[in-house]
Amino acid sequence: MASQPAGSAERGHRQGPPTWEQVLADLETETLALQEGLRRGELLAPVTPWHPPVLPPIPAELVARAQALLDQQLRLQIQIGMELDRAPAASRPRPASRPDPAPQLVDLRA
């Protein structure tokens with residue numbers, strides 16, 4: 001699977017300012033790609049952080065669509081967290097603040 005979800009590359013290639021329709025369509029595409037990857041047991045990494053574009057207030061007719069997308073993303077986040085909790089400890093990434101354990105020499109002759 002690609003290193004970026006579908007739609008990420010498209011954002012940078014559009015002409016003119018984005019619209020709410022385009023932003024929601026891109027986020028829906030990316031969310032579906034993440035869901036599909038999770039369903040197949042694949043991790044899409046790294047996922048490019050999303051930074052909201054400067055947009056006017058969301059039109060009233062798109063609020064329900066945006067809320068449904070947010071709910072879908074929250075469910076996906078919970079599902080990914082549960083999958084990570086089930087993963088073997090050896091395959092989990094270590095927190096950056098915890099250094100790798102230093103090897104210890106044990107004298108078994110004593």
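All values reported here derive from a predicted model rather than from experimental measurement.

A. Spatial organisation of helix α2 (residues 20-39). Here α2 contains 20 residues, and its C-alpha end-to-end distance of 28 Å stays within 8% of the 28 Å for a straight helix at 1.5 Å per residue. Those residues of α2 that sit buried are V23, L24, D26, L27, E30, T31, A33, G37 and L38. In the stretch just after α2, G41 is the one whose phi turns positive, near 80 degrees.

B. Here's a closer look at the nonpolar core. If you look at the biggest cluster of nonpolar residues, it comprises 6 residues: V23, L24, L27, L55, L62 and L69. A total of 3 residues in this core trace back to one element, the largest contributor, which is α2. Discounting chain neighbours no more than four positions away, the residues touching L24 are L62, R65, A66 and L69.

C. Looking closely at the side chain of Q72. Here Q72 is to be found in helix α3 (residues 63-86). Aside from chain neighbours lying at most four places away, what touches Q72 is T31, L32 and Q35.

D. Molecular detail of α3. With 24 residues, α3 should reach 34 Å at 1.5 Å per residue; the first-to-last C-alpha distance of 35 Å fits that figure. Those residues of α3 lying buried are L69, Q72 and L76. Contacts made by the buried residues of α3 are with α2.

E. Up close: the packing of α2 against α3. Where α2 contacts α3, the axes come no closer than 10 Å and their chain directions differ by 25 degrees. Here α2 is positioned roughly parallel relative to α3, judged by the angle of their axes. Crossing handedness for the pair α2 and α3: left-handed. Contacts between α2 and α3 involve E21, L24, A25, L27, E28, T31, L32, L34, Q35 and L38 from the former and R65, A66, L69, Q72, Q73, L76, Q79, I80 and E83 from the latter. When its residues are assigned to classes, the contact of α2 with α3 shows 10 nonpolar, 5 polar and 4 charged.

Criteria and cut-off values
Residues numbered from 1 in each chain as written. Predicted model: local features only at pLDDT ≥ 70, side-chain atom pairs only at ≥ 80, totals over all residues. Heavy atoms only, no water. Helix = DSSP H or I, 4+ residues; strand = E, 2+ residues; numbered from the N terminus. Expected span 1.5 Å × (residues − 1). Buried < 20%, exposed > 50% of the residue type's maximum accessible area, 1.4 Å probe, protein only. Core = buried A, V, L, I, M, F, W, Y, C linked by side-chain atoms within 4.5 Å. Contact = heavy atoms within 4.5 Å. Axes fitted to C-alpha atoms, helices over the stretch in contact; angles between N-to-C directions. Parallel < 35°, antiparallel > 145°, perpendicular 65-115°, else oblique. Left-handed = near helix turned anticlockwise from the far one by under 90°. Nonpolar A, V, L, I, M, F, W, Y, C, P; charged D, E, K, R; others polar.

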